[in-house]
Amino acid sequence: EMAGAFVAVFFLAMFYEGLKISRECLLRKSQVSIRYNSMPVPGPNGTILMETHKTVGQQMLSFPHLLQTVLHMIQVVVSYFLMLIFMTYNGYLCIAVAAGAGTGYFFFSWKKAVVVDITEHCH
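Everything numeric in this text was worked out from a predicted model, so none of it was measured.

Please give an account of the overall build of the protein that cites residues and values.
Per the secondary structure count, the protein includes three helices and two strands. Reading the helices (α) and strands (β) of the protein from amino to carboxyl end gives α-β-β-α-α. Expressed as a percentage of the 123 residues in the protein, the buried residues total 24%. When contacts within the protein are restricted to residue pairs at least 6 apart in sequence, those whose partners lie at least 24 apart make up 67%. Summed over its atoms, the accessible surface of the protein is roughly 9000 Å², and 71% of this surface lies on carbon and sulfur atoms.

Kindly report on helix α2 (residues 63-86), identifying the contributing residues and their values.
Across its 24 residues, α2 extends 34 Å between first and last C-alpha, which sits within 8% of the 34 Å expected from 1.5 Å per residue. Residues of α2 that are buried include every one of Q68, L71, Q75, V78, S79, L82 and I85, and no others. Summarising the contacts, the buried residues of α2 are in contact with α1 (2-30) and α3 (91-108).

How would you summarise the packing of α1 against α2 if you had to cite specific residues and measurements?
The N-to-C vectors of α1 and α2 enclose an angle of 155°; their axes lie 10 Å apart at closest approach. Judged on the interaxial angle alone, α2 and α1 are roughly antiparallel. As for how α1 packs across α2, the hand of that crossing is left-handed. Within the contact between the two elements, α1 uses V9, L12, A13, F15, Y16, L19, K20, R23, L26, L27 and S30 and α2 uses P64, L67, Q68, L71, H72, I74, Q75, V78, S79, F81, L82 and I85. The class makeup of the residues in the contact of α1 with α2 is 16 nonpolar, five polar and two charged.

About the criteria used
Residues numbered from 1 in each chain as written. Predicted model: local features only at pLDDT ≥ 70, side-chain atom pairs only at ≥ 80, totals over all residues. Heavy atoms only, no water. Helix = DSSP H or I, 4+ residues; strand = E, 2+ residues; numbered from the N terminus. Buried < 20%, exposed > 50% of the residue type's maximum accessible area, 1.4 Å probe, protein only. Contact = heavy atoms within 4.5 Å. Areas by Shrake-Rupley, 256 points an atom, 1.4 Å probe, with all protein chains shown as cover. Expected span 1.5 Å × (residues − 1). Axes fitted to C-alpha atoms, helices over the stretch in contact; angles between N-to-C directions. Parallel < 35°, antiparallel > 145°, perpendicular 65-115°, else oblique. Left-handed = near helix turned anticlockwise from the far one by under 90°. Nonpolar A, V, L, I, M, F, W, Y, C, P; charged D, E, K, R; others polar.

The following block contains the structure:
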(Lines give C-alpha, C1' and ligand atoms only; values in the text may rest on other atoms or scores of the structure.)
Protein backbone atom coordinates (compact mmCIF):
# COMPACT_ATOMS: atom_id res chain seq x y z
CA GLU A 1 0.00 0.00 0.00
CA MET A 2 2.85 2.39 0.77
CA ALA A 3 4.40 1.81 -2.66
CA GLY A 4 1.05 2.55 -4.30
CA ALA A 5 0.66 5.71 -2.22
CA PHE A 6 4.19 6.78 -3.17
CA VAL A 7 3.46 6.35 -6.88
CA ALA A 8 0.08 8.13 -6.62
CA VAL A 9 1.54 11.10 -4.74
CA PHE A 10 4.49 11.24 -7.15
CA PHE A 11 2.15 11.51 -10.14
CA LEU A 12 -0.12 13.99 -8.35
CA ALA A 13 2.89 16.28 -7.78
CA MET A 14 3.90 15.87 -11.43
CA PHE A 15 0.32 16.70 -12.47
CA TYR A 16 0.46 19.85 -10.33
CA GLU A 17 3.61 21.10 -12.09
CA GLY A 18 2.13 20.28 -15.50
CA LEU A 19 -1.07 22.12 -14.59
CA LYS A 20 0.88 25.25 -13.63
CA ILE A 21 2.74 25.29 -16.94
CA SER A 22 -0.36 24.53 -19.02
CA ARG A 23 -2.22 27.42 -17.35
CA GLU A 24 0.65 29.73 -18.24
CA CYS A 25 0.63 28.56 -21.88
CA LEU A 26 -3.14 28.98 -22.11
CA LEU A 27 -2.85 32.48 -20.63
CA ARG A 28 -0.29 33.48 -23.25
CA LYS A 29 -2.49 32.12 -26.05
CA SER A 30 -5.65 33.80 -24.78
CA GLN A 31 -4.27 37.31 -24.45
CA VAL A 32 -6.58 39.28 -26.67
CA SER A 33 -5.82 42.96 -26.93
CA ILE A 34 -2.31 44.28 -27.30
CA ARG A 35 -1.80 48.03 -27.06
CA TYR A 36 1.35 50.04 -27.30
CA ASN A 37 1.44 53.10 -25.06
CA SER A 38 4.09 55.78 -25.43
CA MET A 39 5.03 58.02 -22.54
CA PRO A 40 7.60 60.79 -22.17
CA VAL A 41 10.62 59.98 -20.02
CA PRO A 42 13.28 62.49 -18.96
CA GLY A 43 16.55 61.78 -20.73
CA PRO A 44 20.10 62.99 -20.36
CA ASN A 45 20.84 66.74 -20.55
CA GLY A 46 17.18 67.70 -19.99
CA THR A 47 15.91 66.02 -23.18
CA ILE A 48 12.62 64.16 -23.37
CA LEU A 49 12.61 60.59 -24.68
CA MET A 50 9.54 58.58 -25.68
CA GLU A 51 9.31 55.13 -24.07
CA THR A 52 6.90 52.53 -25.47
CA HIS A 53 5.17 49.98 -23.24
CA LYS A 54 3.23 46.94 -24.38
CA THR A 55 -0.10 46.40 -22.57
CA VAL A 56 -1.85 43.04 -22.87
CA GLY A 57 -5.44 42.50 -21.82
CA GLN A 58 -7.97 39.71 -21.57
CA GLN A 59 -11.75 39.72 -21.75
CA MET A 60 -13.54 38.75 -18.55
CA LEU A 61 -16.53 37.00 -20.11
CA SER A 62 -14.78 34.63 -22.46
CA PHE A 63 -14.20 30.90 -22.69
CA PRO A 64 -10.42 31.16 -22.13
CA HIS A 65 -10.99 33.11 -18.90
CA LEU A 66 -13.58 30.59 -17.73
CA LEU A 67 -11.17 27.75 -18.50
CA GLN A 68 -8.40 29.57 -16.62
CA THR A 69 -10.73 29.96 -13.63
CA VAL A 70 -11.62 26.25 -13.53
CA LEU A 71 -7.96 25.24 -13.94
CA HIS A 72 -6.97 27.64 -11.16
CA MET A 73 -9.53 26.05 -8.84
CA ILE A 74 -8.15 22.59 -9.65
CA GLN A 75 -4.59 23.84 -9.09
CA VAL A 76 -5.46 25.26 -5.67
CA VAL A 77 -7.19 22.04 -4.57
CA VAL A 78 -4.27 19.87 -5.75
CA SER A 79 -1.76 22.17 -4.04
CA TYR A 80 -3.67 21.88 -0.75
CA PHE A 81 -3.80 18.09 -1.11
CA LEU A 82 -0.03 18.01 -1.63
CA MET A 83 0.47 20.28 1.37
CA LEU A 84 -1.67 18.04 3.56
CA ILE A 85 0.19 14.95 2.34
CA PHE A 86 3.49 16.61 3.17
CA MET A 87 2.17 17.65 6.59
CA THR A 88 1.67 13.99 7.54
CA TYR A 89 5.46 14.00 8.02
CA ASN A 90 5.67 10.55 6.47
CA GLY A 91 9.17 10.53 5.04
CA TYR A 92 8.30 8.43 2.01
CA LEU A 93 5.35 10.62 1.08
CA CYS A 94 7.41 13.78 1.57
CA ILE A 95 10.02 12.33 -0.77
CA ALA A 96 7.26 11.45 -3.27
CA VAL A 97 5.95 15.04 -3.24
CA ALA A 98 9.43 16.52 -3.71
CA ALA A 99 10.47 13.98 -6.35
CA GLY A 100 7.21 14.36 -8.26
CA ALA A 101 7.43 18.15 -8.22
CA GLY A 102 11.03 18.01 -9.39
CA THR A 103 10.28 15.50 -12.13
CA GLY A 104 7.22 17.48 -13.23
CA TYR A 105 9.26 20.66 -13.37
CA PHE A 106 11.93 18.87 -15.42
CA PHE A 107 9.42 17.54 -17.96
CA PHE A 108 7.05 20.52 -18.23
CA SER A 109 9.07 23.68 -17.49
CA TRP A 110 11.88 23.34 -19.99
CA LYS A 111 10.20 25.73 -22.40
CA LYS A 112 8.90 28.16 -19.79
CA ALA A 113 9.55 31.70 -21.04
CA VAL A 114 8.99 33.64 -17.81
CA VAL A 115 11.90 33.83 -15.40
CA VAL A 116 10.00 35.39 -12.46
CA ASP A 117 6.30 34.63 -12.18
CA ILE A 118 4.61 37.35 -10.12
CA THR A 119 1.36 35.35 -10.01
CA GLU A 120 2.97 32.36 -8.29
CA HIS A 121 1.46 32.02 -4.85
CA CYS A 122 2.57 28.62 -3.60
CA HIS A 123 6.37 28.90 -3.52
